[in-house]
Structures are given as structure tokens and as C-alpha cells.
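Examination of the molecular architecture
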Amino acid sequence: MIAALANPERFMRFSRWAAPLFGVIAVALGAVGLWLDFIAPPDYQQHYTVHIMFIHVPAAWMSLFVYGCLAGASFIGLVFRHSLADAAARAAAPLGAGFTFLALVTGSLWGKPTWGTWWVWDARLTSVLVLFLFYLGYLALQAAIDDEQRAARACAILALVGAINLPIVHFSVTWWNTLHQGSSVFRKGGPTMPPVYLEPLLILSLAYMAAFGALWLVRIRGEVWRKRANALALRAAG
Amino acid sequence: MLDFDAGKYAPYVWTAYGLTAAVFVLMVADTLARARRWRRKVRDRETDKTP
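Residues numbered from 1 in each chain as written. Chains lettered and ligands numbered in written order. Predicted model: local features only at pLDDT ≥ 70, side-chain atom pairs only at ≥ 80, totals over all residues.

A short note on the overall build of chain A
Along chain A, the regular secondary structure elements total eight helices and zero strands. Secondary structure elements of chain A occur, N-terminal to C-terminal, as α-α-α-α-α-α-α-α. In terms of principal-axis extent, the alpha carbons of chain A reach across some 70 × 35 × 30 Å. For chain A, buried positions account for 41% of its 238 residues. Counted over contacts in chain A with a minimum sequence separation of 6, partners at least 24 positions apart contribute 77%. (Helix = DSSP H or I, 4+ residues; strand = E, 2+ residues; numbered from the N terminus. Buried ≥ 20, exposed ≤ 12 C-beta atoms within 10 Å, placed from the backbone. Contact = placed C-beta atoms within 7 Å.)

See below:
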């Protein structure tokens, strides 16, 4: 599948119908997820702040998933020198930064009424902040280097270095004693969350995933057009 | 039945939802604007409107 899409023409044909399809799926799942979110009763401990969980947790999962996509595309671009992989990495970074920003801000807004503080330097929060800084560093490095191939190589190396942080973010609540709660969905023995909260959470997570799929494909299409426009400008100048 | 009451936590809950909506709108708008801009440039350059 990935090999087949490595051809830019084939990718453009695929993404032309896949991007709007993902967009429609995201809107439909988002509507169902929000409906389930606002018919769910307040939690016995967290009361109405449980609503923040439905938008915070998917953003946090997406911040890791998108970085995984960024690192994977960077690896392919670095090793196989494939321009579409570079475009995919470049396209993923701003979206990942957006999701990570949301994870940090909604987490802070959830933390204040439940923990009594906006921020604490515990392992989970700090490692997610480091993840956000890797995204910003990637975007800054990309903007700082004019030569596109050099920029792609430097950004790919930075993205791969940053990938070391992914297991740290994921296992931080297990490895260290943190104020942030441990995993209550992806854990041995199954989720501890009741279905009335688990269902909207999973549906909204799929909505976030579909939204990322749609936006990523459109951004990669934009990158393909950008490269084509620059090639046409060079041809016209030469 | 839909229940939008957030009690005394309303400022936290609605700020979180408002920011999430704003970031999504920003990501969608920026993504579409970039794609349209480069697509238009390709078309212009293919038809030699822009040198």
C-alpha cells in the first residue's frame, strides 16, 4: 500500500477521494462522539470536568501518533531519499504541534479543578512539553534552511532523535511516580473506564484520527503542488 | 438527553472546548489555504501567467 502510494501521481489520484472521505468520517464520528459526550452523566469524582477528558485524551494520543508518522516518514525520506516521504513528514509537523498544544492546554484546564494546579513538572507533563518543543524545533529548523534537501535531511535527523521521547511519554506514568494518572484504557486486564465514558472517548479518538488523515493528505497534496510550482518556476527561469 | 450544564466547572470545560474548536478551525483553514495557493500557482505557471 505504502509502496504503491510512493508514486506521486498515484498518491494524488488516491488522496483526491480519500481526503474528503476521511473528512466526512471525521465530522460524522465527531458528531456522534460529542452527542455521547453530552448525554454522559457527571463522574462521581470529577463531576463535569469529565467532559474535558473526551477532548484531552484523543489530543494526547494524536500527539504521539502524529509524531510516529513524522518519524516514520522522516526515516523513509532519509534512507530512501523519497521526496513524497519528505513531503509527508513536512506536512505532519504542524498538525502534530496543534494536537500537542491541545493536549497540553486542555490538560492544564483539567488539572486546575482536579489537581488544584495548572501545571506540575512531573514526568508525563514534562515529556509531553518536550514533545511539543521537538515539533516546534522541527518547524523552526525547516524554516531556517533554504536548501530544501539539506532542510529535509536535518529535519529528518531531528525527528528521529525526538522519537526517543515517544516511549518516555508513554511509559512515564509507569516508570515514575507522577501526579498524572496511569493508563485507564490501554492496560493489562482491559479498560477500567465504564462504557458510558469509554464509548464517547473512543469514538472521538477515531474522529481525531480521521480528521488528521484528511488534513495530512491535503497537506501532502499541497506539498506536491508546491514542489511542482517551484520546478515550473525554475524551468521558466532557465 | 443532551446536558450542557457544567456547573461551577463551566469556565474550564468551555474554555477547553473553545480552544479545541479554534485549533481545529485553524488547522483546517491553514491546510486548505496552503493547498489552494500552491495548486493555483501550478495552474498559473503551467499556463505561463506567472513567469
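Brief notes about the overall build of chain B
Counting secondary structure elements, chain B contains one helix and zero strands. Here the C-alpha atoms of chain B give a radius of gyration of 20 Å, more than 25% beyond the 10 Å that 2.2 N^0.38 yields for 51 residues. The principal-axis extents of the C-alpha atoms in chain B amount to approximately 60 × 20 × 10 Å. Taken over 51 residues, chain B has a buried fraction of 20%. (Rg over C-alpha atoms; globule rule 2.2 N^0.38 Å.)

Structural notes on the nonpolar core
Ranked by size, the top nonpolar core spans 75 residues in total, and within it Leu70(A), Ala88(A), Ala89(A), Ala92(A) and Ala214(A) carry the most contacts. The set of elements that each furnish at least two residues to this core consists of helix H2 (8–39), helix H3 (50–80), helix H4 (83–115), helix H5 (123–144), helix H6 (148–162) and helix H8 (195–237) of chain A together with helix H1 (10–46) of chain B. If sequence neighbours within four positions are ignored, Ala89(A) has contacts with Leu70(A), Ala73(A), Ser74(A), Gly77(A), Cys155(A), Ala156(A) and Ala159(A). (Core = buried A, V, L, I, M, F, W, Y, C linked by C-beta atoms within 7 Å.)

A few points about the interface of chain A and chain B
At the interface, 29 residues of chain A touch 28 residues of chain B. Looking at the side of chain A that touches chain B, the elements that each hand over two or more residues are H2, H3, H4 and H8 of chain A. When the residues that make up the side of chain A that touches chain B are grouped by side-chain class, the tally is 18 nonpolar, six polar and five charged. (Nonpolar A, V, L, I, M, F, W, Y, C, P; charged D, E, K, R; others polar.)

As for the packing of H4(A) against H5(A)
All names here are of chain A. Between H4 and H5, the least distance of the axes is 9 Å, while the angle of their chain directions is 150°. Crossing angle aside, the handedness with which H4 passes H5 is left-handed. On the side of H4, the interface is formed by Arg90, Ala93, Pro94, Gly96, Ala97, Thr100, Phe101, Ala103 and Leu104, while H5 contributes Val128, Leu129, Leu131, Phe132, Tyr135, Leu136, Tyr138, Leu139 and Gln142. Considered class by class, the residues forming the contact of H4 with H5 number 14 nonpolar, three polar and one charged. (Axes fitted to C-alpha atoms, helices over the stretch in contact; angles between N-to-C directions. Left-handed = near helix turned anticlockwise from the far one by under 90°.)

Section: unusual backbone geometry
The phi dihedral of His47(A) falls on the positive side, at around 55°, and the residue is not glycine. Within the element layout of this structure, His47(A) appears in the loop between H2 and H3.

Notes on the confidence of the model for chain B
The share of residues in chain B with pLDDT of 70 or more is 94%, and the mean pLDDT across the chain is 91. Interface confidence for the predicted complex, expressed as ipTM, amounts to 0.93; the pTM equals 0.94. (pLDDT = per-residue confidence, 0-100.)

Observations concerning the packing of H4(A) against H8(A)
All names here are of chain A. Following both chains from N to C, one finds H4 and H8 inclined at 130°, their axes separated by 8 Å at the closest point. Classified by the angle between their axes, H4 and H8 sit oblique to one another. Here H4 runs over H8; the crossing is right-handed. Counted together, Ser83, Ala87, Ala88, Arg90, Ala91, Ala92 and Leu95 of H4 and Phe212, Leu215, Trp216, Arg219, Ile220, Glu223, Val224 and Lys227 of H8 form the full contact between these two elements. Broken down by class, the residue content of the contact of H4 with H8 amounts to 10 nonpolar, one polar and four charged. (Parallel < 35°, antiparallel > 145°, perpendicular 65-115°, else oblique.)

Let's talk about H5(A)
Helical geometry: 3.6 residues make up each α-helical turn, so side chains three or four residues apart lie on a common side. Between the first and last C-alpha of H5(A) there are 31 Å, a value that for 22 residues agrees with the 32 Å anticipated at 1.5 Å per step. Among all positions in H5(A), only Arg124(A), Leu125(A), Ser127(A), Val128(A), Leu131(A), Phe134(A), Tyr135(A) and Tyr138(A) are buried. (Expected span 1.5 Å × (residues − 1).)

Quick notes on the environment of Ser172(A)
Looking at where Ser172(A) falls in the secondary structure, it is placed in helix H7 (residues 165–175). When near neighbours in sequence (up to four residues on either side) are disregarded, Ser172(A) contacts Ala123(A), Arg124(A), Ser127(A) and Thr178(A).

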